[in-house]
Amino acid sequence: MSFSAAWEDAFRQGGHDSRWPWSDLVSMTKRHARTLDETSRVLEIGCGAGANIPFLLTTGAQYFAVEGSAAAAAKARDRFATLGAQIHTGDFIDDMPFSGEFDVIVDRAAMTHNDEASIRRGLAKLAAKLKPSGLYIGIDWFSTKHDGFRTGEATSDERTREHFTSGPFAGVGRVHFSDEAHLRDLFAGYEFLALEEKVTEVALPTRGVLASWNFVARKP
Ligand SMILES: C[S@@+](CC[C@H](N)C(=O)[O-])C[C@H]1O[C@@H](n2cnc3c(N)ncnc32)[C@H](O)[C@@H]1O
């Protein structure tokens, strides 16, 4: 099991209740997954409370999700009652309840909340569920340029940090930080159609550097 129980606590306390689709996810999907229709199948890993669902449904594709937090998954199912069991509560690293393959896997800031060994295991299992030429759309995979890479405590591997006492990662368990070479290594065998690093220097409300990767990787 890789899922961090910290997420369940965070959602139960009312945190991370995002409601609007994330704009980078919208633009990457619109740019690179243009041919989705009702015959397509999209899997979202770590859907949280379902912020991206309204947008992904507009593509016409059949939507499926695996989310570790029972509280978050329940919120998503409440909001999108017709999806029912297509939003599954489970650990997406090891637990894949859906049969068949997917055209697109969408991951906004979900896989990057696991340690390296789990990420490698999860990506290998997900690759087997992706159709040939299928897309893995990764949004907000945290970058080693993010302040959190220096403020968190090291864990079992050098790129995964935890026990943040303040900032955006306080109370969410593990956070994995990547640079370009590491992403290329994790997605070896895929072709990157897009790979963008977003570095934001924040002046207010708290001065600091936020940095993450957005990418689209195509399975051979
Ligand atoms: C930062 S939130 C993002 C939520 C959603 N993707 C969004 O964009 O609003 C990360 C989500 O990934 C889920 N998550 C992280 N690791 C997981 C795992 N191993 N199995 C299932 N869910 C996981 C968390 O429970 C949380 O809902």
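Residues numbered from 1 in each chain as written. Predicted model: local features only at pLDDT ≥ 70, side-chain atom pairs only at ≥ 80, totals over all residues. Heavy atoms only, no water.

- You'll find the protein entered in an unreviewed UniProt entry as Class I SAM-dependent methyltransferase, with Paraburkholderia bengalensis given as the organism.

Looking at the pairing of strand β9 (residues 191-202)
The two faces of a sheet get side chains in turn, since along a regular strand they alternate between them.
Okay, so step 1: Where β9 meets strand β10 (residues 208-218), eleven bridges bridge the pair, whose relative direction is antiparallel. By the bridge assignment for β10, Glu-196 is matched with Asn-214.
Okay, so step 2: Turn length for the β9-β10 hairpin, with the two strands adjacent in sequence and antiparallel, is five residues. (Pairing = 2+ DSSP bridges. Helix = DSSP H or I, 4+ residues; strand = E, 2+ residues; numbered from the N terminus.)

Focus on the UniProt feature "domain: Methyltransferase" (unreviewed entry) in the protein
Okay, so step 1: If you check UniProt for "domain: Methyltransferase" (unreviewed entry), the listed places come out as residues 42-134 in our numbering.
Okay, so step 2: Between the C-alpha atoms that bound residues 42-134 there is a distance of 10 Å. The span itself is 32% helix and 27% strand. (UniProt positions renumbered as here; feature names shortened; annotations may be inferred.)

Concerning the environment of Gln-13
Okay, so step 1: Looking at the secondary structure, you find Gln-13 in the loop between α1 (5-12) and α2 (23-32).
Okay, so step 2: Taking the C-alpha atoms as reference, Gln-13 lies 34 Å from His-182; in sequence the two are 169 residues apart.

What to know about the side chain of Ser-212
Okay, so step 1: Secondary-structure assignment places Ser-212 in strand β10.
Okay, so step 2: At a separation of 2.8 Å, a polar atom in the side chain of Ser-212 contacts the side chain of Asp-140.
Okay, so step 3: When sequence neighbours within four positions are dropped, the list of residues in contact with Ser-212 reads Asp-140, Trp-141, Phe-142, Ser-143, Glu-196, Glu-197 and Lys-198. (Polar contact = N/O pair within 3.5 Å; in protein donor to acceptor, adjacent residues only side chain to side chain. Contact = heavy atoms within 4.5 Å.)

A word on the nonpolar core
Okay, so step 1: Among the nonpolar cores identified, the biggest contains 26 residues, and Leu-43, Ile-45, Met-111, Tyr-136, Trp-141, Phe-187 and Phe-215 are the most heavily contacted of them.
Okay, so step 2: If you list the elements that add at least two residues to this core, you get β1 (41-45), β2 (62-67), β4 (102-108), α5 (116-129), β5 (130-142), α7 (180-186) and β10.
Okay, so step 3: With four residues, the single largest contributor to this core is α5.
Okay, so step 4: Among the nonpolar cores identified, the runner-up in size contains 24 residues, and Ala-33, Leu-36, Phe-80 and Leu-135 belong to it. (Core = buried A, V, L, I, M, F, W, Y, C linked by side-chain atoms within 4.5 Å. Buried < 20%, exposed > 50% of the residue type's maximum accessible area, 1.4 Å probe, protein only.)

Things to note about the site of the ligand
Okay, so step 1: Around the ligand there are 21 residues in total, and Gly-46, Glu-67, Gly-68, Arg-108 and Asn-114 lie nearest to it.
Okay, so step 2: Contacts to the ligand include Arg-108, whose side-chain N or O atom sits 2.9 Å from an oxygen atom.
Okay, so step 3: One nitrogen or oxygen atom from the side chain of Asn-114 is found 3.0 Å from a nitrogen atom belonging to the ligand.
Okay, so step 4: Taken by itself the ligand offers 590 Å² of open surface, and the protein chains cover 96% of this. (Near = heavy atom within 4 Å. Areas by Shrake-Rupley, 256 points an atom, 1.4 Å probe, with all protein chains shown as cover.)

Thoughts on the packing of aromatic side chains
Okay, so step 1: Considering all chains together, one arrives at 15 aromatic pairs under this definition.
Okay, so step 2: Between Phe-169 and Phe-177, the aromatic rings sit 5.8 Å apart at their centres with planes inclined by 75°, giving edge-to-face as the arrangement. The same class applies to Phe-169 and to Phe-177, which are both buried.
Okay, so step 3: A connected cluster of aromatic rings, assembled from ring pairs, spans Tyr-136, Trp-141, Phe-187, Tyr-190, Phe-192 and Phe-215. (Phe/Tyr/Trp six-rings, centres within 6.5 Å; stacked < 30°, edge-to-face > 60°.)

Notes on the sheet that holds strand β7 (residues 160-162)
Okay, so step 1: Strand order across the open sheet formed by three strands is β6-β7-β8, with antiparallel pairing between neighbours. For this open sheet the edge positions go to β6 (153-154) and β8 (175-176), each flanked by a neighbour on one side alone.
Okay, so step 2: Examined bridge by bridge, β7 and β8 share two bridges and lie antiparallel to one another. When the bridges of β8 are listed, Arg-161 appears paired with Val-175.

Some thoughts on the sheet that holds β4
Okay, so step 1: Sheet architecture is open: seven strands sit in the order β3-β2-β1-β4-β5-β10-β9, paired in mixed fashion. In this open sheet, the two strands that pair with only one neighbour each are β3 (87-89) and β9. When strand polarity is set aside, the average angle formed by the axes of neighbouring strands in this sheet is 15°.
Okay, so step 2: Inspection of the sheet shows β5 paired to β10 by six bridges, in the antiparallel sense. Note on β10: the bridge partner recorded for Phe-142 is Ser-212. (Axes fitted to C-alpha atoms, helices over the stretch in contact; angles between N-to-C directions.)

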